[in-house]
Structure formats: C-alpha cells, structure tokens
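Listed below are the residues making up each chain.
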Amino acid sequence: MSFARTIAGDVDPQTLGVVNAHDHLIRVGAGEVYIDGDHMLSDVSKAVEEATYFVDASKQWADGGTVVDMCPAACGRSITLLNEVAEQVEGLQVIVASGFHQQKVYLEPHTTWVYQYTVNQIADLLIADICEGIDEYDYMGPLVRRHTSKAGVLKWATAYGKITDWEKKTGEAVVIAQKETGCPINTHTTAGTAALEQAQFLLGLGAIPEKTAIGHVQRNADVWYLEQIMKLGCYLELDGTNRIKYLPDCHRVNLVRSFERDGFGSQILLGTDSGKASYQKAYGSVTGIDFDPAVFAPRLIDEGVERSYVDDLLINNARQFFAFADGKQQ
C-alpha cells in the first residue's frame, strides 16, 4: 500500500492535504544559527502559531495541511519539539527530514562524522532515521536515542555553483538510503545554482527520478534550463515567500504557467522555506509558512490559472512525490 511517512506514523498520501514541500518549524541551533542567529526557531509557541496560520489557509483548499520540515541531520533538528508542535495544531501533519545541508553549515567539515565515516556507515545512519526512528540527539553524538518518529524525506544540499567533495560523499549516502528505503529526496540548491548538475549526479548514482526533487530553483528562473531537469524525470521544488530582494513573485507565476504549457505541470512542488524568524508571521513578518495557500494560490486563480492546476501545485503533485517507492527496508 502506498504511504507517506509523517512523524505520527505512516499515512495514506491522499490525506496530506495542502503540502508545503520545504519549510522549517523548529531549529534549535547548530551551524546555520551560528552563521546567522535569525535561523533560530526554538520557540514551540511561535511554531504552533505559524503552523496554525498554515492549516487555516490550507482549509480553503483541503481538509488540512502538511509541513515538510527540512532541517536535516546534525543541523538543529529537534524531533521532540516538532512533536510538541504537531500535537497542538489540529489538522497539521509533519514530515521530517534526514540527510544533510551543504558543507558550509557544518562549519569545520574535517571534524564532522561525515568526514570520518565511510559512505556506507553514513548511509546506515540515514536508513536508521527512516526505518527505526530519528535520533533525539540529532546525531550530535556520541550517544544515540531513537524516537518513535521516523524521517519521511531525505535532504541533500550543495554549495554556490559547485558540489564539494564533502557534498559528493553525502550525496552518495543519500542515494544509498533512498534505494534501500524508497524515501524521496528533496534537495537544496544554493541560489538555484548547480541544479541540473545535482540531478545528473544523483541519477548517475541510481536515484529514482520520480522520487527526486531539486529545490530552491525559482531563484534561477530560466525555463529552458529548469525543464532540462524535468526531462530527466525529476520534480522541481519552487519556494520563497514574497522575497523581493531576490525576484518578484511574478517570476514564480510565470514559471508555473510555462511549465504547465510545456507539459511539466505534474512535476512541480511548492514550498516557502520560511527558515528564519524574520520570514514568519509569528515573529512579525507579513508573510510566512502559509504563503502558498493564503497568497500565491489565490493570485494564480486571479491571474486566470485553472483551479485544477492550482490543486495540483498545492495538493496532488505532492501526494505522488512524498509517497515512498518500494524499498528493501521500510
């Protein structure tokens, strides 16, 4: 039977509702916070408030919503706090990531366990997150204590305009974990760079195209380039709330329209990646995790996009993507 893996257990993908395919409800520290304190998201009450905005907006389109929390291993995950949030918001489901961010957020990579372990040892830890339960200590070691909640997506990330040797190693481990479990991979590109190269690298290692999404690509709003990725069978994940400092939202509108015209509308996921306090309504921003169902989807309707396609972008595409493929270990 097809399933998506949430922190509350495996569910029918048809129950996911509106899916925010890449966001952050909780982050309790680690490298990104050290680099920029705005990434700290450790306040459960604020996360509950933010998630409630999302669920309320999602109910305009479905019975509820799912946030895919993309904070990966050793990067400030707190599976215990995420569960506290999910338990307090009716209509919310949460999928949590294993895998890795880009090298730079681990600060001094030569002392990380990724540098010291073999690819297969790293893959075993990812597989355990998916099949046994997330480590409550977030693989910050040396002890490991498994929570009952399991990971339902794998993250992989690369640097600006390149893939470092450290990132190639993590990518190899992520693909092994996907092939063993069927878990989908959702990536981080830095400012949309190396997106096609990510897809080629992962697929070259045997990743499942229809379970591989290349993320943050809206910041490289080049239709021809991005369609080369979808021609390989991968999904694209478009995110970003109203971030004029990068691109106005009309570019995102134009992207989804172009992809539908060219026959790729079923390979698009939406997220907001509101991974800083200053990007969330609960901390005072005018936009937040609810942006797609509250603002972007109504705009698409207002601009003449068919409701059926909007439903695909919000709901139906993610149902397909976040369902696990067949794997040896599940």
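Residues numbered from 1 in each chain as written. Predicted model: local features only at pLDDT ≥ 70, side-chain atom pairs only at ≥ 80, totals over all residues. Heavy atoms only, no water.

Participant: When you look at the overall build of the protein chain in this model, what are you seeing that I'm missing?
Facilitator: If you tally the helices and strands in the protein chain, you get 11 helices and 10 strands. Each principal axis of the C-alpha atoms in the protein chain carries an extent, and together these give about 55 × 40 × 40 Å. Per-residue burial for the protein chain yields a buried fraction of 62% across its 330 residues. By sequence separation, contacts in the protein chain at least 24 residues apart represent 74% of the contacts at least 6 residues apart. For the protein chain, the exposed surface amounts to about 12,500 Å²; the carbon and sulfur share of it is 49%. Here the protein chain contributes 28 positive and 44 negative side-chain charges, whose respective centroids are spaced 3 Å apart. (Helix = DSSP H or I, 4+ residues; strand = E, 2+ residues; numbered from the N terminus. Buried < 20%, exposed > 50% of the residue type's maximum accessible area, 1.4 Å probe, protein only. Contact = heavy atoms within 4.5 Å. Areas by Shrake-Rupley, 256 points an atom, 1.4 Å probe, with all protein chains shown as cover. Lys, Arg positive; Asp, Glu negative; His and termini not counted. Charge placed at Lys NZ, Arg CZ, Asp CG, Glu CD.)

Participant: Looking at this structure, I do not really get the sheet that holds strand 3 (residues 18–23). What am I missing?
Facilitator: Whether parallel or antiparallel, the strands of a sheet pair through hydrogen bonds between backbone atoms. The strand order 3-4-5-6-7-8-9-10 describes an open sheet built from eight strands, whose pairing is parallel. In this open sheet, the two edge strands, each paired with only one partner strand, are strand 3 and strand 10 (268–270). Taken over all neighbouring pairs, the strand axes of this sheet differ in orientation by 25° on average, direction set aside. By the bridge criterion, three bridges tie strand 5 (residues 92–99) to strand 6 (residues 153–157) in an arrangement that is parallel. The residue bridging S98 from the neighbouring strand is L154, located in strand 6. Here helix 9 (residues 250–261) sits on the sheet in contact with strand 9 (235–238) and strand 10, set at roughly 160° to strand 9. (Pairing = 2+ DSSP bridges. Axes fitted to C-alpha atoms, helices over the stretch in contact; angles between N-to-C directions.)

Participant: Please explain the pairing of strand 7 (residues 185–188) as it appears in this structure.
Facilitator: On any regular strand, side chains alternate: one points to one face of the sheet, the next to the other face. Here strand 7 shows no split at all, with I185 and T187 on one side and N186 and H188 on the other all buried. Relative to strand 7, strand 6 is paired through four bridges, and the arrangement is parallel. Counted as the bridge partner of A157 is H188 from strand 7. Regarding the hand of the β-α-β motif, the stretch spanning strand 6, helix 6 (residues 165–181) and strand 7 is right-handed. In the sheet, strand 7 pairs with strand 8 (residues 212–215) via two bridges, with the strands oriented parallel. Within strand 8, the position partnered with I185 by the bridge is T212. (Right-handed = clockwise from strand over helix to strand, strands pointing away.)

Participant: I'm lost on the packing of aromatic side chains in this one. Help?
Facilitator: Summed over all chains, the structure comprises nine aromatic pairs. Between Y235 and F321, the ring centres sit 5.0 Å apart and the planes meet at 55°, which makes this aromatic pair tilted. Pair noted here: Y235 is in strand 9 and F321 is in helix 11 (residues 307–321), with a separation of 86 residues, a long-range link. F321 sits in the buried class, given a relative accessible area of 0%. Relative to F322, the ring of F321 has its centre 5.0 Å away and its plane inclined at 85°; by these criteria the two rings are edge-to-face. Of the aromatic side chains, those joined through ring pairs into one cluster are F100, Y106, W113, Y117, Y139 and W166. Its end group placed over the ring of Y53, K281 keeps NZ or CZ at 4.9 Å from the ring centre. (Phe/Tyr/Trp six-rings, centres within 6.5 Å; stacked < 30°, edge-to-face > 60°. Lys NZ or Arg CZ within 6 Å of the ring centre and 35° of its normal.)

Participant: Is there a simple way to explain a nonpolar patch on the surface in this structure?
Facilitator: Residues Y34, I35 and L107 make up a contiguous nonpolar surface patch of about 360 Å² in total accessible area. Take L107: it is sitting in the loop between strand 5 and helix 4 (113–116). (Patch = residues over 30% accessible without salt bridge, like charges linked within 9 Å, V, L, I, M, F, W, Y side chains within 5 Å. Salt bridge = Lys/Arg side-chain N within 4 Å of Asp/Glu carboxyl O.)

Participant: Explanation requested: the environment of N242 in the structure shown.
Facilitator: Checked against the element boundaries, N242 lands in the loop between strand 9 and helix 9. Classification of N242 as partly exposed rests on a relative accessible area of 37%. Considered as a pair, N242 and G133 are 109 residues apart in the sequence and their alpha carbons are 35 Å apart.

Participant: What am I meant to see in unusual backbone geometry here?
Facilitator: With the exception of glycine, the majority of residues adopt a negative phi angle, and the majority of peptide bonds are in the trans configuration. The omega torsion across G141 and P142 is 5°, close enough to zero to call that bond cis. Within the fold, P142 resides in the loop between helix 5 (119–131) and strand 6. Of note in the backbone geometry, L107 takes a positive phi value of approximately 70° without being a glycine.

Participant: Looking at this structure, how should I read the packing of helix 5 against helix 6?
Facilitator: To describe two helices that pack against each other, one gives the angle between their axes and the distance between the axes. With their axes 8 Å apart at the nearest point, helix 5 and helix 6 run at an angle of 45° to one another. When the axes of helix 5 and helix 6 are compared, the pair comes out oblique. When you trace helix 5 past helix 6, the crossing you get is right-handed. Contacts between helix 5 and helix 6 involve V119, N120, I122, A123, L126, I127, I130 and C131 from the first element and K169, E172, A173, V174, I176, A177, E180 and T181 from the second. For the contact of helix 5 with helix 6, the residue count by class is 11 nonpolar, two polar and three charged. (Parallel < 35°, antiparallel > 145°, perpendicular 65-115°, else oblique. Left-handed = near helix turned anticlockwise from the far one by under 90°. Nonpolar A, V, L, I, M, F, W, Y, C, P; charged D, E, K, R; others polar.)

Interpretation in functional terms is not warranted from these geometric data alone.
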